[in-house]
Amino acid sequence: MSKGSVEPENKEALKNFITQEIEKDLQEGKNGGAVLTRFPPEPNGYLHIGHAKSICLNFGLAQQFGGKTNLRFDDTNPVKEDVEYVDSIMEDIRWLGFEWEGEPKYASDYFDQLYEWAVMLIKKGKAYVDHQSAEEIAAQKGTPTEPGQESPYRNRTVEENLELFEKMKNGEFEEGECVLRAKIDMASPNMHLRDPLMYRIIKKEHHRTGDKWCIYPMYDFAHGQSDFIEGITHSICTLEFEVHRPLYNWFLEQIIEDMDPKPTVVPRQIEFARLNLNYTVMSKRKLLELVENNYVDGWDDPRMPTISGLRRRGYTPESIRDFADRIGVAKRDGIIDVALLEHCVRDDLNKTAPRVYAVLDPVKLIITNYPEGKVEMMVAVNNPEDESMGTREIPFSREIYIEKDDFMIDPPKKFFRLAPGKEVRLKNAYIIKCEDYKQDENGEVTEIYCTYDPDTRSGMEGSKRKVKGTLHWVSVEQSIPAEVRLYDRLFSDEDPNGHDGVDFKEFLNPDSLKIVKTARLEPNLKDVKPLDKFQFQRLGYFCVDKTSSEDNLVFNRTVPLKDTWAKMAKKK
RNA sequence: UGUCCCAUGGUGUAAUGGUAGCACUACAGAUUUUGGUUCUGUCAGUCAAGGUUCGAAUCCUUGUGGGACAACCA
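Attention here is on the structure that accompanies the text. What you are looking at is a predicted structure, and each value in this text was computed from that prediction instead of being measured. (Residues numbered from 1 in each chain as written. Chains lettered and ligands numbered in written order. Predicted model: local features only at pLDDT ≥ 70, side-chain atom pairs only at ≥ 80, totals over all residues. Heavy atoms only, no water.)

## Some words on the overall build of chain A
Phase 1 of the analysis: From N to C terminus, chain A includes 13 helices and 25 strands.
Phase 2 of the analysis: Its C-alpha atoms give chain A a radius of gyration of 31 Å, more than 25% over the compact-globule value 25 Å for 572 residues.
Phase 3 of the analysis: Seen through its C-alpha atoms, chain A measures out along the principal axes to roughly 100 × 50 × 40 Å.
Phase 4 of the analysis: The buried share of chain A, reckoned over its 572 residues, is 53%.
Phase 5 of the analysis: As displayed, chain A has an accessible area near 26800 Å², and 48% of this comes from carbon and sulfur atoms.
Phase 6 of the analysis: Treating the 81 positive side-chain charges of chain A as one cloud and the 101 negative ones as another, the clouds have centres 5 Å apart. (Helix = DSSP H or I, 4+ residues; strand = E, 2+ residues; numbered from the N terminus. Rg over C-alpha atoms; globule rule 2.2 N^0.38 Å. Buried < 20%, exposed > 50% of the residue type's maximum accessible area, 1.4 Å probe, protein only. Areas by Shrake-Rupley, 256 points an atom, 1.4 Å probe, with all protein chains shown as cover. Lys, Arg positive; Asp, Glu negative; His and termini not counted. Charge placed at Lys NZ, Arg CZ, Asp CG, Glu CD.)

What follows is the structure in structure tokens.
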């Protein structure tokens, strides 16, 4: 994977309220002109498109201002975290095209320092060990509109607190028996300042520190300091952490108070609105629920909004970065239309994906005046948008398959395809005319009979004739079979979370996956590899699935082509 | 009946006291050996009321609407 592979030099500088704030800081000479951002995931699930927004933002900001970006795992809760997630997160970030500065960092790297700071706070009389239960503490917390009450343990002596905290660390208390709390203000209108928890006892092995600790810092006591330790200049995070900011600042003030000399870099937190996409859910908890209950085929199911799911679906890193740029950054939350994401991937694939012929739902078409046993190799352009992609040859013969949809016995007015007595062009081959057809007892068309005009082979003078419709096709004899998975949105409702009292799973789209086993492909596709991407001409963009093999080709539909005909038909 | 944040076309985002622009969507047309792409056009917006100002989307006040905050989660 290349380093910092997003080409910052020819990318237009992004402008939003965060870049403006950073520019201001730079102008004021803050942080010695440095910009260091960070992407701080908790390794408790797979990354999704919302994280992609944050990744593109954090890495993009640094690139734009000549800075760097750290990757730091916020691994302060061993109960939920796992190395499987660490690995997937690193893979996804690299796949998106970003490379973090130095080694990946971990909040757990700072556990010793955090412990020292906790002790320091105790010594200052700004932290105490509380022996109440979680319920009691919650009951005293008050509500957003009422102040809380002080814990009976709030005024223990420094010595006592020091001793008790030491015992907590040494495992002399059971989980839940006591916690370390900051002593701030139980009446603060900001709930986060009402003596927040700093440490709790968790007797579980940590994925990095093993059994060294049985007390773990809360996120709020770890995050701001971790940024501080790393010298992060701008801590970019989502809106819900806005109310935490005064707490982070409080902790840092306590620490900095005792420092001499004073630090040159103190992180500045700036919050932005998280990404919401319609027709999907974005919370890790809900995505995990879909995975664990097998509503989908794992975290990388192509219907999932996860980065691994989008990758398997056939999305490109370029298209996701483009999407992140287009949605912008602001403080007001909203819902982005998935149509924009789809636009971005079509836009990219249109320029890069080779065009090929695939017939998903075949019906046999026999060209009655074409010699039996004859095979002609037809030349086709691989990508009309990119001449450098060259041409290829496709076998043509007397019997071909076309799409069932491309023939109608009794077509409506604007049907530009094949019908009895009508002419149509077979792309890169001949103009044919439908003479007859055969139906089975159910009225299903089983065979179509046509004649071709030998002077209309593509490239010949006769081929210049105007014909309204152009069809894709494959030769019966030479075509190869494949399985094609047609994906649609996972939810049929625009906002599956937006219905009070109705579980989001109620809106799961029963037609989100259709498996087509009848597909026939041009023979050039026999050696494709997972993640190879193509445009199936006239149908859409497709990507080879990870389960595909030489004897059993499997393609995922990334996104269909825009289809004005289908739209017209739907209206009627 | 608290604190904080937010409010621009259907959606998202610009305009930072001086002509409300861009993208997506939708619709119409041109081109087309993909009903794709490309090109052109159309519809459509400053939450409300006051105030400051020659001039307000922008500043102030009030209201309205939306969101966040009461995990030993992050």
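That was the structure; now back to the text.
## A few points about the pairing of strand β25 (residues 554-560)
Phase 1 of the analysis: The buried fraction of β25 is high, at six of seven residues.
Phase 2 of the analysis: The pairing of strand β21 (residues 480-487) with β25 spans three bridges and is classified as parallel. Following the sheet pairing, glutamate 483 is matched in β25 by valine 554.
Phase 3 of the analysis: Examined bridge by bridge, strand β24 (residues 540-544) and β25 share five bridges and lie antiparallel to one another. If you follow cysteine 543 over to β25, its bridge partner there is asparagine 556. (Pairing = 2+ DSSP bridges.)

## Structural notes on the sheet that holds β24
Phase 1 of the analysis: Sheet architecture is open: seven strands sit in the order β10-β23-β24-β25-β21-β22-β11, paired in mixed fashion. Every interior strand has two partners, whereas the edge strands, β10 (355-356) and β11 (358-359), have only one.
Phase 2 of the analysis: In the packing of helix α12 (residues 338-352) onto the sheet, the strands contacted are β10, β23 (533-536), β24 and β25, and the crossing angle to β25 comes to about 115°. (Contact = heavy atoms within 4.5 Å. Axes fitted to C-alpha atoms, helices over the stretch in contact; angles between N-to-C directions.)

## Concerning the packing of helix α7 (residues 219-230) against helix α8 (residues 245-257)
Phase 1 of the analysis: For the pair α7 and α8, the least separation of the axes is 9 Å and the interaxial angle reads 60°. By the criterion of interaxial angle, the relationship of α7 to α8 is oblique. The two elements α7 and α8 meet at a crossing, and its hand is right-handed. Mapping the contact onto sequence places Tyr219, Asp220, Phe221, Gly224, Gln225 and Phe228 in α7 and Leu247, Tyr248, Phe251, Leu252, Ile255 and Ile256 in α8.
Phase 2 of the analysis: Looking at the contact of α7 with α8 residue by residue, the classes come out as nine nonpolar, two polar and one charged. (Parallel < 35°, antiparallel > 145°, perpendicular 65-115°, else oblique. Left-handed = near helix turned anticlockwise from the far one by under 90°. Nonpolar A, V, L, I, M, F, W, Y, C, P; charged D, E, K, R; others polar.)

## Considering the packing of aromatic side chains
Phase 1 of the analysis: All told, the structure shown has 28 aromatic pairs when counted by the stated rule.
Phase 2 of the analysis: An angle of 20° between the planes, with centres 5.1 Å apart, marks the rings of tyrosine 46 and tryptophan 299 as stacked. Of this pair, tyrosine 46 sits in the loop between β1 (36-39) and α2 (49-64) while tryptophan 299 sits in the loop between α9 (284-292) and α10 (307-313), placing them 253 residues apart in sequence. Neither residue differs from the other here; tyrosine 46 and tryptophan 299 are each classed as buried.
Phase 3 of the analysis: Taking 6.0 Å as the distance between ring centres and 45° as the angle between the ring planes, the aromatic pair formed by phenylalanine 491 and phenylalanine 504 counts as tilted. Of this pair, phenylalanine 491 sits in the loop between β21 and β22 (513-521) while phenylalanine 504 sits in the loop between β21 and β22; the two residues are 13 residues apart in sequence, bridging distant segments of the chain.
Phase 4 of the analysis: Since its relative accessible area comes to 3%, phenylalanine 504 is described here as buried. (Phe/Tyr/Trp six-rings, centres within 6.5 Å; stacked < 30°, edge-to-face > 60°.)

## Some points on the protein's contact with RNA strand B
Phase 1 of the analysis: Around RNA strand B, a shell composed of 70 residues is seen, among which Gln20, Met191, Arg355, Ser458 and Gln535 lie nearest.
Phase 2 of the analysis: Counting only atoms of RNA strand B within 4 Å of the protein, the sugar-phosphate share comes to 62%.
Phase 3 of the analysis: In this structure, threonine 76 approaches RNA strand B through a side-chain N or O atom, which is 2.7 Å from a phosphate oxygen.
Phase 4 of the analysis: Side-chain polar atom of lysine 427 to a sugar or linking oxygen of RNA strand B: 3.2 Å apart, as the coordinates give it.
Phase 5 of the analysis: Within the residue set of the surface near RNA strand B, elements represented by two or more residues are β6 (197-201), α11 (317-327), α12 and α13 (564-571).
Phase 6 of the analysis: Here the surface near RNA strand B is composed, by residue class, of 22 nonpolar, 23 polar and 25 charged. (Near = heavy atom within 4 Å. Polar contact = N/O pair within 3.5 Å; in protein donor to acceptor, adjacent residues only side chain to side chain.)

## Overview of the nonpolar core
Among soluble globular proteins, nonpolar side chains are generally buried collectively.
Phase 1 of the analysis: Residues Ile49, Ile55, Ile93, Leu96, Ile320 and Phe323 are the most contacted members of the largest nonpolar core, which totals 37 residues.
Phase 2 of the analysis: Listing elements by their share of this core, those giving two or more residues are α2, β2 (68-73), α3 (83-96), α10, α11 and α12.
Phase 3 of the analysis: Here this core gets six residues from one element, more than from any other, and that element is α3.
Phase 4 of the analysis: Split by domain, this core shows at least three residues from each of two domains, domain 1 (11-272) and domain 2 (284-352 + 482-571).
Phase 5 of the analysis: Apart from residues lying up to four places away in sequence, leucine 96 is in contact with Ala52, Ile55, Ile307, Pro317, Ile320 and Arg321.
Phase 6 of the analysis: The next biggest cluster of nonpolar side chains, apart from the first, holds 36 residues, and it includes Trp117, Val119, Met120 and Ile202. (Core = buried A, V, L, I, M, F, W, Y, C linked by side-chain atoms within 4.5 Å. Domains from an automatic or database assignment.)

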